[in-house]
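Okay, here's what each chain looks like letter by letter:
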Amino acid sequence: MSGAAVVLTGFRHSVYTRVARIALAEKGVDHEYEEHDPFAPGAQGPHPFGRVPVLRHGDFTIYETAAITDYVDRAFDGPALMPVDAMAAARVGQVIGIVDAYGYWPLVRQVYSHAVFCLVLGEPASSETVAEGLAAGPGVLGALDAVSAEGLVLNGGFTRADCHLVPMIAAFASAPQGAAMLGDFPGLAAWWAMVRARPSVVETDVPLTSELPRG
Ligand SMILES: N[C@@H](CCC(=O)N[C@@H](CS)C(=O)NCC(=O)O)C(=O)O
């Protein structure tokens, strides 16, 4: 089964797609990539809730990014993306939960979208929305800073926690206000300074341009 074709459907500027791409890169999984913009009007994709990414492996289809990275880690050879230690493994799940439940919306959909993405694409942006996202930032960054300071994960040993957190922090820190706020959390800032140079992180960094393919 692990020799079957692997196809990732995603959107080039999607942080969740980048999570999956980082996991695939870390495991060294050869795969095809299909572009699908879930925000395009009338977009019909393979995800029943209209999101990306979706992974196919032969006849097996999986969506929800945490399930995708779990599957990629278990189904393919390559370096393990989960710690063996029970506490460290629990922290990985906690980081993914923080990112999904409390981080994605303010850091990405409020700050990054309205302070970076919309400006580059010439789409309407809301400074109120940026302010709302920034107001939520210290709570999220503080929780993650505490995890990195503890040393179980986000400490140099690359795990699914890093896969899930990298795209969110990359997007947030691409806004000047986000980069400034990240500097207030030294543990997390040091983690980001280290991890951003990693090959899987560099090769999945898609530059944002004003030409956004639709479809
Ligand atoms: N719970 C989903 C979230 C994925 C998600 O929100 N993806 C965004 C792109 S980063 C998306 O497809 N958004 C489309 C929309 O909100 O309509 C997962 O973990 O995969």
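The coordinates are above.
This text gives an overview of the structure that appears in the document. In this text the structure is predicted, and so the values were computed from the model without any measurement.

**Brief notes about the layout of surface pockets**
The gaps left among the atoms become clear once a water-sized probe is rolled over them.
Next, step 1: Put simply, the largest pocket is a space of about 610 Å³.
Next, step 2: Lining the largest pocket are 28 residues, with S14, Y16, F39, Y104 and R109 positioned closest to its centre.
Next, step 3: The set of elements that each furnish at least two residues to the lining of the largest pocket consists of α1 (15-27), α2 (65-75) and α3 (86-121).
Next, step 4: Tallying contributions element by element places α3 first for the lining of the largest pocket, with 9 residues.
Next, step 5: Residue composition of the lining of the largest pocket, by class: 14 nonpolar, 7 polar and 7 charged.
Next, step 6: Residues from two domains meet in the lining of the largest pocket; each of domain 1 (6-75) and domain 2 (86-203) gives at least three.
Next, step 7: In this structure, the second largest pocket is lined by 20 residues; those nearest its centre are R18, A170, A171, D205 and V206.
Next, step 8: Taken together, the elements giving at least two residues each to the lining of the second largest pocket come down to α1, α3, α5 (160-173) and α8 (199-203).
Next, step 9: Tallying contributions element by element places α5 first for the lining of the second largest pocket, with 4 residues.
Next, step 10: Among the residues making up the lining of the second largest pocket, the classes are represented as 12 nonpolar, 4 polar and 4 charged.
Next, step 11: Residues from two domains meet in the lining of the second largest pocket; each of domain 1 (6-75) and domain 2 (86-203) gives at least three.

Conventions adopted
Residues numbered from 1 in each chain as written. Predicted model: local features only at pLDDT ≥ 70, side-chain atom pairs only at ≥ 80, totals over all residues. Heavy atoms only, no water. 1 Å grid on protein atoms, 1.4 Å probe; cavity = no way out; pocket = protein on both sides within 12 Å on 5 of 7 lines; lining within 4 Å. Points joined across faces, edges and corners; volume = space filled by probe spheres on them. Helix = DSSP H or I, 4+ residues; strand = E, 2+ residues; numbered from the N terminus. Nonpolar A, V, L, I, M, F, W, Y, C, P; charged D, E, K, R; others polar. Domains from an automatic or database assignment.

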